Amino acid sequence: PLAKMAACSDLDDQIDRLKRCEIITESEVVALCRKAREILVDEGNVQPASSPVTICGDIHGQFYDLKELFEIGGDVPTRSYVFLGDFVDRGFYSVETFLLLLALKVRYPDRINLIRGNHESRQITQVYGFYDECLRKYGSAHVWQLCTDVFDYLSLAVLIDNEVLCVHGGLSPKLKSLDEIRVIDRKVEVPHEGPMCDLLWSDPDDVPAWGMSPRGAGYLFGASVARQFNETNHLHFICRAHQLVMEGYRWQLDEEVLTVWSAPNYCYRCGNVAAIFEYEGSGASPRYRFKLFQEAPASKRGVPSRPAPVEYFL
């Protein structure tokens, strides 16, 4: 018990530092990622959760906006959360964002679920910023390697009350049932095609059944596909993220699918609002509510450590 108390107090200290947008030491990251893998390895591809729970869409390294999210939604462990993936890339604070969420997962494993997004991948993070940010903040790729190893352990889906399925992207022509998701070997880099890829990359769209995705991975799926999947698996609807919606959330495909987006003023220029989805359960009244929020005001933001400009001497 004493060792456990000491571990909790260490974690609480790290969480406090991360909440101030301060990085933790490399050796602390090593220990945190080890503990996270020990917890995540026991979680299923489709991890069960219970209402009431707050569901959040893409964050993309927008740390100060994640703090706004917790301000309007309540802190872990007071409130239970599901994050739908894409914690990293594009924003200035992917390191602090992912490590804070991971530390909360390790400290309160039953109160927060982290689903893998298409950006939780070695290949994508080398292009869209997380790799470079780790290099800049830690001086080597070691922290990036530790974090991307944890990505392989993240769940592919969360099932709330056996009636709402949460995934990052959408459906796959290769998957008809939740049991088919449960048997995927998820502990790998995100494949370029196949059912695991589709869960992380697909989008709902106005197509008769299935369509080619302009993203070059995953598929477009229509209302008939979503309705059939939900009926087969006794789901009320599918909750997903992955696509910017200017109003923060959007019901799609005859309300078979809900998109939630939680990065306000995405990329610091899109001008969108963000939302979180508070699901209270089918027996509650109201069953759910949306909370909208804007980007954190300038007075609350730090100044991002931008890479030094390259000087050219002609």
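All figures in this text were calculated on a predicted structure; none of them were measured in a lab.

K.L.:
I'd like a rundown of the sheet that holds strand S3 (residues 81-83), residues and numbers included.
P.N.:
As summarised here, the arrangement of the five strands in space is S4-S3-S2-S13-S14, forming an open sheet in which the pairing is mixed. Two strands bound the open sheet, and with one partner strand each, they are strand S4 (112-114) and strand S14 (288-293). Along the sheet, successive strands turn relative to each other by an average axial angle of 20°, direction set aside. The pairing of strand S2 (residues 53-56) with S3 spans three bridges and is classified as parallel. Within S3, the residue paired with Ile 55 across the bridge is Val 82. Across the sheet, helix H4 (residues 94-107) is in contact with S3 and S4; its angle to S4 comes to roughly 130°.

K.L.:
Lay out the state of the cysteines with the relevant residues and their values.
P.N.:
Across all of its chains, the model carries zero disulfides by this definition. With no disulfide partner, Cys 56 has as its closest neighbouring cysteine sulfur the one in Cys 239, 9.5 Å distant. Since its relative accessible area comes to 0%, Cys 56 is described here as buried. No disulfide involves Cys 134; its nearest neighbouring cysteine sulfur is the one of Cys 147, lying 5.6 Å away.

K.L.:
Tell me about the nonpolar core, residues and numbers included.
P.N.:
Membership of the largest hydrophobic core comes to 49 residues, with the highest contact counts inside it found for Leu 69, Phe 70, Phe 83 and Leu 99. Top element by residues in this core is H4. It accounts for nine residues. Within the second largest apolar cluster, 28 residues are counted, among which are Leu 175, Ile 184, Ala 223 and Phe 229.

K.L.:
So what about the pairing of strand S12 (residues 257-260)? Which residues, and what values?
P.N.:
A two-sided burial pattern is seen for S12, the buried positions comprising Val 257 and Thr 259 on one face and Leu 258 and Val 260 on the other. Note that strand S11 (residues 249-252) and S12 share four bridges and pair antiparallel. When the sheet's bridge partners are listed, Trp 251 is paired in S12 with Leu 258. Two successive antiparallel strands, S11 and S12, enclose a turn made up of four residues, where Leu 253 displays a positive phi of approximately 50°.

K.L.:
Provide a residue-level description of unusual backbone geometry, including the pertinent values.
P.N.:
Residue Pro 52 is reached from Ser 51 by a cis peptide bond, and omega for that bond is 0°. One can find Pro 52 in the loop between strand S1 (46-49) and S2. A cis amide bond links Val 76 to the next residue, Pro 77, at an omega of 10°. Backbone geometry places Asn 265, a non-glycine residue, at a positive phi of 40°. Mapped onto the elements of the fold, Asn 265 is located in the loop between S12 and strand S13 (274-279). Here Cys 267, not a glycine, exhibits a phi torsion of approximately 60°, which is positive. Its location among the elements puts Cys 267 in the loop between S12 and S13.

K.L.:
Could you give an account of the sheet that holds S1, naming the residues involved and the relevant values?
P.N.:
Strand order in the open sheet formed by six strands is S1-S5-S6-S10-S12-S11, with mixed pairing between adjacent strands. At either margin of the open sheet sits one strand with a lone partner, and together these are S1 and S11. Ignoring which end each strand starts from, the neighbouring axes of this sheet average 20° apart. Sheet topology places strand S5 (residues 157-160) next to strand S6 (residues 164-166); three bridges connect them, and they run antiparallel. Residue pairing for S6: Val 158 is matched across the bridge by Cys 166.

The rules behind the values
- Residues numbered from 1 in each chain as written.
- Predicted model: local features only at pLDDT ≥ 70, side-chain atom pairs only at ≥ 80, totals over all residues.
- Heavy atoms only, no water.
- Pairing = 2+ DSSP bridges.
- Helix = DSSP H or I, 4+ residues; strand = E, 2+ residues; numbered from the N terminus.
- Axes fitted to C-alpha atoms, helices over the stretch in contact; angles between N-to-C directions.
- Contact = heavy atoms within 4.5 Å.
- Disulfide = S-S within 2.5 Å.
- Buried < 20%, exposed > 50% of the residue type's maximum accessible area, 1.4 Å probe, protein only.
- Core = buried A, V, L, I, M, F, W, Y, C linked by side-chain atoms within 4.5 Å.

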